[in-house]
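# Summary of structural features
Letter by letter, the chains look like this.
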Amino acid sequence: MNPRKFRAKTMGEALAKVKRELGPDGVILHTRTYREGAVLGCGGRDMVEITATSDVSCLRVPQRDASVRRSSGRATVAEGATPVAPEKRTHSGSAELSALSSEV
């Protein structure tokens, strides 16, 4: 993979450079905005940097294992485990709260 960096003043200009150099097969790997020419945080101008490549054959796409299934989104209890009941909250300060609200 041969990533290249494209810098410009705006995102639109940087994207135009990527499209001009890499064509429709260009893949953006990373973008960032930084300040160029600033001295101790003062002055300078904002710049955009895009890291892109046209070699998509080197990009790894994770393959799904057929033996792994997606869960249905429901919580399940493993065998041998004992389920724990959720704690119930007690409002010990409810008497204080009602006393304060009556004062107001």
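Scroll up for the structure.
Residues numbered from 1 in each chain as written. Predicted model: local features only at pLDDT ≥ 70, side-chain atom pairs only at ≥ 80, totals over all residues. Heavy atoms only, no water.

As a further point, take the sheet that holds strand β2 (residues 27–36). By definition, the strands of a sheet pair up through backbone hydrogen bonds, in either a parallel or an antiparallel sense. The strand order β1-β3-β2 describes an open sheet built from 3 strands, whose pairing is antiparallel. Looking at the sheet topology across the chains shown, the edges are occupied by β1 (4–8) and β2. Taken pair by pair, the neighbouring strands of this sheet meet at an average axis angle of 20°, ignoring direction. As defined by bridge partners, β2 adjoins strand β3 (residues 45–53) across 9 bridges and the pair is classed as antiparallel. Counterpart to Val 27 in the pairing with β3 is Thr 53. Packing against the sheet, helix α1 (residues 11–22) makes contact with β1, β2 and β3, and its axis sits at approximately 140° to β1. (Pairing = 2+ DSSP bridges. Helix = DSSP H or I, 4+ residues; strand = E, 2+ residues; numbered from the N terminus. Axes fitted to C-alpha atoms, helices over the stretch in contact; angles between N-to-C directions. Contact = heavy atoms within 4.5 Å.)

In this section: the packing of aromatic side chains. Under the counting rule described, the total for this entry stands at 0 aromatic pairs. The ring of Tyr 34 carries Arg 32 above its face, with NZ or CZ at 4.3 Å from the centroid. (Phe/Tyr/Trp six-rings, centres within 6.5 Å; stacked < 30°, edge-to-face > 60°. Lys NZ or Arg CZ within 6 Å of the ring centre and 35° of its normal.)

As a further point, take the pattern of salt bridges. Summed over the entire model, instances satisfying the criterion amount to 5 salt bridges. The shortest N-O distance in the salt bridge between Asp 46 and Arg 35 comes to 3.3 Å. Here Asp 46, found in strand β3, pairs with Arg 35, found in strand β2; they are 11 residues apart in sequence, far enough to count as distant. What makes Asp 46 partly exposed here is its relative accessible area of 42%. By relative accessible area, Arg 35 is classed as partly exposed at 45%. When salt bridges with common partners are traced through the structure, they connect Arg 7, Arg 32 and Glu 49 into a single cluster. (Salt bridge = Lys/Arg side-chain N within 4 Å of Asp/Glu carboxyl O. Buried < 20%, exposed > 50% of the residue type's maximum accessible area, 1.4 Å probe, protein only.)

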